[in-house]
Amino acid sequence: MLWVVLVVAALAAAGVWYANRKRQEAIAAWAAAAGWTFVGQDDSLAFRWAGSPFGPADEREAVEVLRGAYAGADAVSFTYRSTKVSRDSDGKTQRSTTTHHVIALTLTTALPTVEVTPEGLGAKLAKIVGAQDIQFESDEFNRAYRVAGGEPQTVHAVIHPRLMERLLEPGTRGTAWRIEGNTILSWRSGSTDIDRITGTLALLATIRDAVPRHVWLDHGYDPAAAH
Amino acid sequence: MVPTLIVLAVLVVLVVIVVVQYNGLVRVRNLVQESWRQVDVELTRRHDLIPNLVETVKGYAAHEKSVFEEVARARSQAAGTGATPEQQAAQENELTHALGRLFAVAEGYPVLRASENFQQLQLELATTEDRIAAGRRFYNANVRDLNTRVESFPSNLIANAFHFAKAEYFEVEDPAVRQAPTVTF
């Protein structure tokens, strides 16, 4: 009976190995077709940002790293894995790993943080106990998203009616994104999905291009001079 | 003894609620005032750009006196002090109409439109209009927050007791916003 279990386990492991290899080949093929570089692993990316999903963790790694250019800026896509290690009441080690697909586009200069995340149950419960996010003129937008940022006035300047309209479109609704430092990034649960990369970068570039000139000017960059 | 303690506890809770509500109203009222000051800064920036713009257009179309006088009058009125947000909005709308006529005059002079100085002024004015729009939205968001607290229960009880009043929204005509959407069937 034991040999049956061993054979099944070996077959399962081989299946996982094969599926992973096909996956890596698909990612490498995508990179080649897009003119990007498949770097593999670069754990420095796991420490580059402070906000979600890069919260506190005991172990972090950035794998399936793809680097390239999009809409005139450097871009990166990777799978971020974070693990929390704890001990249960019996002293046994418990490991809890979460995985996110992160896509980021570099900005010309650093801007104040602006974070837009889909309004979920957690956010709704938080509001009940008083944690308010920034509210806008559109009730539909307020119900769809939770907005936070370091400077409320800058947040209002960045999240203007035309951008709100864009973020409420069917293909865009539900996308989490954040401007942090000189990057705009988006993330979702799960490993790298190559079918998402181009569409997400297009959205991030749209958001970047929708930032009003005066916001850039206030942070040392004139987009009009660049063009 | 126990009933006395209960009454005391209830009184303490009520006092805490009143203090929290009062401080919240003060905080939002200060935000409204501060954000209005920011709007005022941007409006002043707009008013300061206009004389240079008028002089540039005059260099090519000196005979369009009525338009220049209209802009100067509207600017002078808008740049005055002491207006409420509603009054300021009306003055800014009049200035926007006057500027619209000024730019209509400029349309008839290709050399003017092509001049670097005029293009730079147009860019600065457009950027300032964006600043005003952003400042206005932030101010109105704070007004919305204050007015909601002044009107909603139970904060309205504190607002009435301590004479907190609703603030005025600042609504100006924004050509881009008020453009009719294209409807297809």
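Thoughts on the overall build of chain B
- Of regular secondary structure, chain B possesses seven helices and zero strands.
- Going from the N terminus to the C terminus, chain B shows its helices and strands as α-α-α-α-α-α-α.
- In terms of overall size, chain B is more extended than a compact globule, its C-alpha atoms giving a radius of gyration of 24 Å where 185 residues would be expected to give roughly 16 Å.
- Overall size of chain B, expressed as C-alpha extent along the three principal axes, is 90 × 50 × 25 Å.
- In chain B, buried positions account for 24% of the 185 residues.
- Looking at chain B alone, contacts between residues at least 24 apart form 80% of all its contacts between residues at least 6 apart.

Overview of the overall build of chain A
- A count of helices and strands for chain A gives eight helices and six strands.
- Each of the three principal axes of chain A carries a C-alpha extent, and together these read 70 × 45 × 30 Å.
- Excluding contacts between residues fewer than 6 apart, the proportion of contacts in chain A whose partners are at least 24 apart in sequence is 65%.

Quick word on the interface of chain A and chain B
- Between chain A and chain B, the residue contacts involve 10 residues of the former and 10 residues of the latter.
- If you list the elements that add at least two residues to the side of chain A that touches chain B, you get helix H4 (152–158) and helix H7 (213–217) of chain A.
- Considering every element that reaches the side of chain A that touches chain B, the biggest residue donor is H4(A), with four residues.
- Considered class by class, the residues forming the side of chain A that touches chain B number five nonpolar, four polar and one charged.

Points about the environment of B:Lys166
Residues and elements named next belong to chain B.
- Along the chain, the position of Lys-166 falls in the loop between helix H6 (155–161) and helix H7 (175–178).
- Taking the C-alpha atoms as reference points, Lys-166 and Pro-110, 56 residues apart in sequence, are found 49 Å from one another.
- Apart from residues lying up to four places away in sequence, Lys-166 is in contact with Asn-147 and Val-150.

Description of the nonpolar core
- In terms of nonpolar packing, the biggest core is built from 60 residues, with A:Phe78 and A:Ile184 touching the most fellow members.
- Those residues in contact with A:Phe78 that lie beyond four places of it in its chain are A:Leu45, A:Ala62, A:Val63, A:Glu64, A:Val65, A:Leu66, A:Val102 and A:Thr192.
- Grouped together as the second largest cluster of nonpolar side chains are 12 residues, B:Val67, B:Val71, B:Leu95 and B:Ala106 included.

Let's talk about the pairing of strand S3 (residues 73–87) of chain A
Residues and elements named next belong to chain A.
- Note: strand S2 (residues 59–70) against S3, 10 bridges, orientation antiparallel. Bridging across to S3, Arg-60 finds its partner in Ser-82.
- Between S2 and the antiparallel strand that follows it, S3, lie two residues; Ala-71 among them carries a positive phi value of about 50°.
- Between S3 and strand S4 (residues 93–118), which pair antiparallel in sequence order, lie five residues; one of them, Gly-91, sits at a positive phi of approximately 85°.

Let's talk about the confidence of the model for chain B
All names here are of chain B.
- Here chain B averages 89 in pLDDT, while 94% of its residues score no lower than 70.
- Mean pLDDT per element in chain B: H7 is the minimum at 46, and H6 is the maximum at 94.
- Taken together, the stretch residues 176–185 has pLDDT below 50 and engages in two contacts with residues farther than four places along the chain or on a different chain.
- On the interface metric, ipTM, the complex scores 0.77, and its pTM is 0.84.

Looking at the packing of helix H2 (residues 65–78) of chain B against helix H3 (residues 85–107) of chain B
All names here are of chain B.
- Orientation of H2 relative to H3, taken along the N-to-C sense of each, is 155°, at an axis distance of 9 Å. Overall, the two elements H2 and H3 adopt an arrangement that is roughly antiparallel. In this structure, the crossing between H2 and H3 has a hand that is left-handed. Facing H2, whose interface residues are Val-67, Glu-70, Val-71, Ala-74, Arg-75, Gln-77 and Ala-78, H3 presents Gln-91, Glu-92, Glu-94, Leu-95, Ala-98, Leu-99, Arg-101, Leu-102 and Val-105.

A word on unusual backbone geometry
- The residue after A:Ser52, namely A:Pro53, is reached through a cis peptide bond having omega -5°.
- Residue position: A:Pro53 is located in the loop between strand S1 (37–40) and S2.
- The backbone phi angle of A:Ala71 is positive, close to 50°, even though this residue is not glycine.
- With respect to the secondary-structure elements, A:Ala71 resides in the loop between S2 and S3.
- In this structure A:Ala71 comes out as partly exposed when scored by C-beta crowding, with 13 C-beta atoms within 10 Å.
- Backbone geometry at B:His163 places phi at a positive 60°, although glycine is not the residue there.

Considering the pairing of S4(A)
Residue and element names in this part refer to chain A.
- The sheet contact formed by S3 and S4 spans 13 bridges and is antiparallel. Within the sheet, the bridge partner assigned to Phe-78 lies in S4 and is Val-102.
- Where S4 meets strand S5 (residues 145–149), five bridges bridge the pair, whose relative direction is antiparallel. Paired with Val-116 across the two strands is Val-147, which belongs to S5.

Re the packing of helix H1 (residues 2–58) of chain B against helix H5 (residues 116–151) of chain B
All names here are of chain B.
- Between H1 and H5, the shortest axis-to-axis distance is 8 Å and the interhelical angle comes to 160°. Relative to H5, H1 is oriented roughly antiparallel. Taken as a pair, H1 and H5 cross one another with a handedness that is left-handed.
- Taken together, the residues of the contact of H1 with H5 sort by class into 17 nonpolar, nine polar and nine charged.

Quick notes on the rules
Residues numbered from 1 in each chain as written. Chains lettered and ligands numbered in written order. Predicted model: local features only at pLDDT ≥ 70, side-chain atom pairs only at ≥ 80, totals over all residues. Helix = DSSP H or I, 4+ residues; strand = E, 2+ residues; numbered from the N terminus. Rg over C-alpha atoms; globule rule 2.2 N^0.38 Å. Buried ≥ 20, exposed ≤ 12 C-beta atoms within 10 Å, placed from the backbone. Contact = placed C-beta atoms within 7 Å. Nonpolar A, V, L, I, M, F, W, Y, C, P; charged D, E, K, R; others polar. Core = buried A, V, L, I, M, F, W, Y, C linked by C-beta atoms within 7 Å. Pairing = 2+ DSSP bridges. pLDDT = per-residue confidence, 0-100. Axes fitted to C-alpha atoms, helices over the stretch in contact; angles between N-to-C directions. Parallel < 35°, antiparallel > 145°, perpendicular 65-115°, else oblique. Left-handed = near helix turned anticlockwise from the far one by under 90°.

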